Amino acid sequence: MLKKIIFGILGLLIVVIGGMFVYVQLNWNKTYDIPYPNLQVSTDSTLIERGKYLVHGPAHCSNCHVSSVAEMIAADAGENIPLKGGGEFPLGPIGTLYTRNLTPDPTTGIGRYSDGEIFRMMRHAVKPDGTATLSVLMPFWDMADEDLIAVVSYLRTLDPVKNEVSDNDWSFMGKAVRIIASSFQPIEKPSPPSFAPPMAATIERGEYLSRYVANCVGCHTNRDPMTFEATGPEYAGGMEFEPWPEFALAVGGDPEVWTRTPNITPHPNSALSKFKTAEEWKARFRQGRIINISQMHWGPFSRMTDEDLEALYLYLTSLEPSDYDAGELMFKK
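Keep in mind the model is a prediction, meaning the values are calculated, not measured.

**Remarks on helix α6 (residues 145–156)**
Consideration 1: Along its 12 residues, α6 runs 17 Å from first to last C-alpha, staying within 8% of the 16 Å computed at 1.5 Å per residue.
Consideration 2: With respect to burial, α6 is a largely interior element, 11 of its 12 residues being buried.
Consideration 3: Residues of α6 that are buried include every one of Asp145, Glu146, Asp147, Leu148, Ile149, Ala150, Val151, Val152, Ser153, Tyr154 and Leu155, and no others.

Set out below in structure tokens:
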């Protein structure tokens, strides 16, 4: 009788595990039928220049959509590196992402996609093939129509560069997470404005930049390392970045050191509290990268306008102070 019970339990476990395996394999990369936004690119030179500022400044596309760590470092320093993609971003046990080719190459870049397909990806986190992307890394769903159009219009003017990028590599755990985590689901009901807040030192402009362009809230919020769901208060820091040895060695850093984002609410013990005035805040950003292994995109942010940097400062200092302890900003496990 005991043997029958044991074999019965084992059989049930096999069926359950097998069923889960089949379910994940069949559903991890499902497609979504979401309509294309009614937006079109423009040839207006002023709008294209606005897109260039966003791509190489607050939206920091230029730091990620390159093909190597060396190019990423060069782009951070201000060099005009082709946005041909291929950059590798390890996500621990769930897999590895590879950034896409943003040049208008007709076979490997955005030249093979319609305006609608590109705008849908940015607004709804749904790729041209209908599958979902990791929205928290590119939180552009509520970017204003005019800024979205400016970005894509600028990308359309780049020189096409042929560069075949590998597909993202998801582990079985990563595939399972893609099914259950909201961070991997489409943004079905975005609420973007038609026009962005004017480039001026205002709280409204700062909130817009921090949430839908520069993604301050994405990194300066503690998140589960697999699902990317928020586990701590917004802007209070704590998100951990595992060591990236290739990058650390390239910049002369320790390849075993983890980094953690600081609290940037106006609490007396926060990183923000070090800056007593907007002028001090802007001066720090103009310095660019100081901590060589920092995951923050200091290069593009250092090239933001005075108005935008001050707007961020005004918004962050207007937040409710959080006493959340993010912990040591650099550590080893």
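**Remarks on the packing of helix α5 (residues 115–124) against α6**
Consideration 1: Between α5 and α6, the least distance of the axes is 11 Å, while the angle of their chain directions is 130 degrees. Comparing their axes, α6 and α5 come out oblique. You can see that α5 and α6 cross each other, and the crossing is right-handed. Facing Asp115, Ile118, Phe119, Met122 and Arg123 of α5, the residues of α6 in contact are Asp145, Leu148, Ile149, Val151, Val152 and Arg156.
Consideration 2: Taken together, the residues of the contact of α5 with α6 sort by class into seven nonpolar, no polar and four charged.

**Thoughts on the pattern of salt bridges**
Consideration 1: As enumerated under the stated definition, the model contains 16 salt bridges in all.
Consideration 2: In this structure, Arg50 and Glu146 form a salt bridge, with 3.4 Å as the shortest nitrogen-oxygen distance. In this pair, Arg50 sits in helix α2 (residues 45–56) while Glu146 sits in helix α6, placing the two residues 96 residues apart along the sequence.
Consideration 3: A relative accessible area of 29% means that Arg50 is categorised as partly exposed.
Consideration 4: In this structure, the salt-bridge partner of Lys332 is Glu256, at a minimum N-O distance of 4.0 Å. With Lys332 in the segment after β6 (330–331) and Glu256 in the loop between α10 (245–250) and β5 (258–260), the pair connects residues that are 76 residues apart, well separated along the chain.
Consideration 5: Of the residues examined, Glu256 reaches a relative accessible area of 52% and is grouped as exposed.

**Describing the nonpolar core**
Consideration 1: Ranked by size, the top nonpolar core spans 57 residues in total, and within it Met122, Leu155, Tyr235, Trp281 and Leu316 carry the most contacts.
Consideration 2: With seven residues, α6 is the largest single contributor of residues to this core.
Consideration 3: In this view, Trp281 contacts Leu272, Phe275, Leu309, Leu312, Tyr313 and Leu316; residues no more than four positions away in its chain are not counted.
Consideration 4: In this structure, Trp28, Leu134, Trp170 and Ala181 belong to the second largest nonpolar core, which totals 14 residues.

**Details of a nonpolar patch on the surface**
Consideration 1: A cluster of nonpolar side chains, namely Phe21, Val22, Leu26 and Phe172, defines an oily patch on the protein surface of about 410 Å² accessible area.
Consideration 2: Ranked by residue count, the leading element in the nonpolar patch is helix α1 (residues 2–27), at three residues.
Consideration 3: Structurally, Val22 can be placed in helix α1.
Consideration 4: Given the relative accessible area of 44%, Val22 is considered partly exposed.

**Some points on the packing of α2 against α6**
If you want to describe how two helices pack, look at the angle between their axes and the distance between the axes.
Consideration 1: Running from N to C, α2 and α6 point in directions that differ by 90 degrees, and their axes come no closer than 7 Å. In terms of their interaxial angle, α2 and α6 are classed as roughly perpendicular. For the pair formed by α2 and α6, the contact residues are Leu47, Ile48, Arg50, Gly51, Lys52, Leu54, Val55 and His56 on the first element and Glu146, Asp147, Ile149, Ala150, Val151, Ser153, Tyr154 and Leu155 on the second.
Consideration 2: Residues that form the contact of α2 with α6 fall into these classes: nine nonpolar, three polar and four charged.

**Details of the side chain of Asp142**
Consideration 1: Tracing the backbone shows Asp142 in the loop between α5 and α6.
Consideration 2: Salt bridges are absent for the buried Asp142, whose nearest opposite-charge side chain, Arg123, sits at 6.0 Å.
Consideration 3: When sequence neighbours within four positions are dropped, the list of residues in contact with Asp142 reads Pro190, Ser191, Pro192, Pro193, Tyr208 and Tyr212.

**Some words on the side chain of Glu117**
Consideration 1: In this structure, Glu117 sits in helix α5.
Consideration 2: Within the local environment of Glu117, its side chain forms a polar contact with the backbone nitrogen of Ser114, the two atoms lying 2.9 Å apart.
Consideration 3: Leaving out residues up to four positions away in the same chain, Glu117 has contacts with Tyr36, Arg112, Val126 and Pro128.

**Topic: the sheet that holds strand β2 (residues 95–98)**
Consideration 1: The three strands are arranged β1-β2-β3 in an open sheet whose pairing can be described as antiparallel. Each having just a single partner strand, β1 (88–90) and β3 (169–170) make up the two edges of the open sheet.
Consideration 2: In the sheet, β2 pairs with β3 via two bridges, with the strands oriented antiparallel. Its bridge partner lying in β3, Gly95 is registered against Trp170.

**Here we look at the environment of Glu328**
Consideration 1: Locating Glu328 in the fold gives a position in the loop between α13 (306–317) and β6.
Consideration 2: Under the relative-accessibility criterion, Glu328 is labelled exposed at 58%.
Consideration 3: Taking C-alpha positions, Glu328 is 9.0 Å from Thr261, a pair spaced 67 residues apart along the chain.

Reading guide: rules and limits
- Residues numbered from 1 in each chain as written.
- Predicted model: local features only at pLDDT ≥ 70, side-chain atom pairs only at ≥ 80, totals over all residues.
- Heavy atoms only, no water.
- Helix = DSSP H or I, 4+ residues; strand = E, 2+ residues; numbered from the N terminus.
- Expected span 1.5 Å × (residues − 1).
- Buried < 20%, exposed > 50% of the residue type's maximum accessible area, 1.4 Å probe, protein only.
- Axes fitted to C-alpha atoms, helices over the stretch in contact; angles between N-to-C directions.
- Parallel < 35°, antiparallel > 145°, perpendicular 65-115°, else oblique.
- Left-handed = near helix turned anticlockwise from the far one by under 90°.
- Contact = heavy atoms within 4.5 Å.
- Nonpolar A, V, L, I, M, F, W, Y, C, P; charged D, E, K, R; others polar.
- Salt bridge = Lys/Arg side-chain N within 4 Å of Asp/Glu carboxyl O.
- Core = buried A, V, L, I, M, F, W, Y, C linked by side-chain atoms within 4.5 Å.
- Patch = residues over 30% accessible without salt bridge, like charges linked within 9 Å, V, L, I, M, F, W, Y side chains within 5 Å.
- Areas by Shrake-Rupley, 256 points an atom, 1.4 Å probe, with all protein chains shown as cover.
- Lys, Arg positive; Asp, Glu negative; His and termini not counted.
- Polar contact = N/O pair within 3.5 Å; in protein donor to acceptor, adjacent residues only side chain to side chain.
- Pairing = 2+ DSSP bridges.

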